[in-house]
Amino acid sequence: MTKYLKKYALITLGATIYALAYNAFFANGSVAFGGVTGIAQMLHALVPALPVGGLVIAFNIPLFLLGWKFFGGGMLAASLFAMGLSSTLLDMMGKYLTFPVLSDTLLSALCGGVAIGVGLGLIFLQGATTGGTEIVAKLLKLRLSYLPTGKLLMAVDLAVIAGVSLVFRSLETALYGVVASYVSTRVMDMVLYGLDTAKVAYIISDHPQEIARVIMNELSRGVTYLQGEGGYTGETKRVILCTFKDREIVSVKEAVRRADPHAFMIVTSTHEVLGEGFGGYQQGV
């Protein structure tokens, strides 16, 4: 019970942030908005009597049917809640709250992008969406699992942003929308995958056991031996594979230096690490 209360509390928080961000930074049309909400924004500009939130709900019905088919009822229930709440809040906040208009449109795009990214990230973390292109992004994620969710969402949203700029007849509106979309996807990926990225080290040494012992005992990080062979000498080598947090890079380099000052080490950044000591597995994220 506590698990579900926490889940829906975070969805509520994310939906509230999403609606606040739209009304505060995007509703006046100075910054294009992507997704189904962007389409609703266009139609509302053409026919003001049509409410943005109501249009979002109408457009989402066929998309939710697809979501139910591919992700099941659990995803559907949480997403229906997120979509219904965010759409209702969009209209209620627009009707009853007054938001100051920032004179600096770039500041609106940056702040709006950050807020939208946080809101959608919180909703995505709970296995839900607000509907629209987020469902499209999750469907694409099934095929393109190697791409981050945020980047998939940005690709889908760019076409809508172009349409919004045509309706408002402003190239600047589209360009600011692209800025907001980029910022929101970066922030969303930070929320989904964490701020603390990881690195992978490949270490080749004549003393692999000494280096492995130091890394395991002093840094409490596991290592894996890979079998390698020198291209020139043909000599068999043990290659140490080690994954660690960004903040541990200095400690790892120092540990390797102490064990073997002549060790050859390659350090690369990695997008995501799952498993013991790192993140957990979440479907569709």
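Residues numbered from 1 in each chain as written. Predicted model: local features only at pLDDT ≥ 70, side-chain atom pairs only at ≥ 80, totals over all residues. Heavy atoms only, no water.

Novice: How would you summarise unusual backbone geometry if you had to cite specific residues and measurements?
Specialist: Phi angles above zero are rare outside glycine, and Ser-220 is one such case at about 55°. Inspection of the secondary structure puts Ser-220 in the loop between helix H8 (208-218) and strand S2 (223-229). Exposure remark for Ser-220: the relative accessible area of 61% places this residue in the exposed category. (Helix = DSSP H or I, 4+ residues; strand = E, 2+ residues; numbered from the N terminus. Buried < 20%, exposed > 50% of the residue type's maximum accessible area, 1.4 Å probe, protein only.)

Novice: Go over the packing of helix H4 (residues 105-125) against helix H7 (residues 171-193) with me, naming the residues and quoting the values.
Specialist: The interhelical angle for the contact between H4 and H7, taken along N-to-C directions, is 35°, at an axis separation of 7 Å. In the packing of H4 onto H7, the handedness of the crossing is right-handed. Along the lines of polarity and charge, the residues of the contact of H4 with H7 split into 18 nonpolar, five polar and no charged. (Axes fitted to C-alpha atoms, helices over the stretch in contact; angles between N-to-C directions. Left-handed = near helix turned anticlockwise from the far one by under 90°. Nonpolar A, V, L, I, M, F, W, Y, C, P; charged D, E, K, R; others polar.)

Novice: Outline the pattern of salt bridges, listing residues and values.
Specialist: Considering all chains together, one arrives at four salt bridges under this definition. Linking Glu-218 and Arg-258 is a salt bridge whose minimum nitrogen-to-oxygen distance equals 2.3 Å. Note that Glu-218 is positioned in helix H8 and Arg-258 in helix H9 (residues 249-259), a separation of 40 residues in sequence. On the basis of relative accessible area, Arg-258 is assigned to the partly exposed category, the value being 42%. A salt bridge links Glu-248 to Arg-221; its shortest N-O distance comes to 3.2 Å. Placement of Glu-248 in the loop between strand S3 (236-245) and H9 and of Arg-221 in the loop between H8 and S2 is noted, with a sequence separation of 27 residues between them. The burial state of Glu-248 is the same as that of Arg-221; both residues are buried. (Salt bridge = Lys/Arg side-chain N within 4 Å of Asp/Glu carboxyl O.)

Novice: If you had to explain the packing of helix H1 (residues 2-26) against H4 to someone new, which residues and values would you point to?
Specialist: The relative placement of two packed helices is expressed as an angle between their axes plus a distance between the axes. It is the contact of H1 with H4, at a shortest axis distance of 7 Å, that shows an interaxial angle of 160°. With respect to H4, the axis of H1 lies roughly antiparallel. Where H1 crosses over H4, the two elements pack in a sense that is left-handed. Along the contact surface, H1 presents Leu-10, Ile-11, Leu-13, Gly-14, Ala-15, Ile-17, Tyr-18, Ala-21, Tyr-22, Phe-25 and Phe-26, while H4 presents Ser-108, Cys-111, Gly-112, Gly-113, Ala-115, Ile-116, Val-118, Gly-119, Leu-120, Leu-122 and Ile-123. Of the residues belonging to the contact of H1 with H4, the class tally is 17 nonpolar, five polar and no charged. (Parallel < 35°, antiparallel > 145°, perpendicular 65-115°, else oblique. Contact = heavy atoms within 4.5 Å.)

Novice: How would you sum up the packing of aromatic side chains? Please name residues and give values.
Specialist: Counted by the stated rule, this structure contains one aromatic pair. Taking the centre distance of 5.1 Å and the plane angle of 80° together, the rings of Tyr-8 and Phe-81 count as edge-to-face. Remark: Phe-81 occurs in helix H3 (residues 52-96) and Tyr-8 occurs in helix H1; sequence separation between them is 73 residues. For Tyr-8, a relative accessible area of 26% puts it in the partly exposed group. Lying across the ring of Tyr-225, Arg-238 places its NZ or CZ 4.3 Å from the centre. (Phe/Tyr/Trp six-rings, centres within 6.5 Å; stacked < 30°, edge-to-face > 60°. Lys NZ or Arg CZ within 6 Å of the ring centre and 35° of its normal.)

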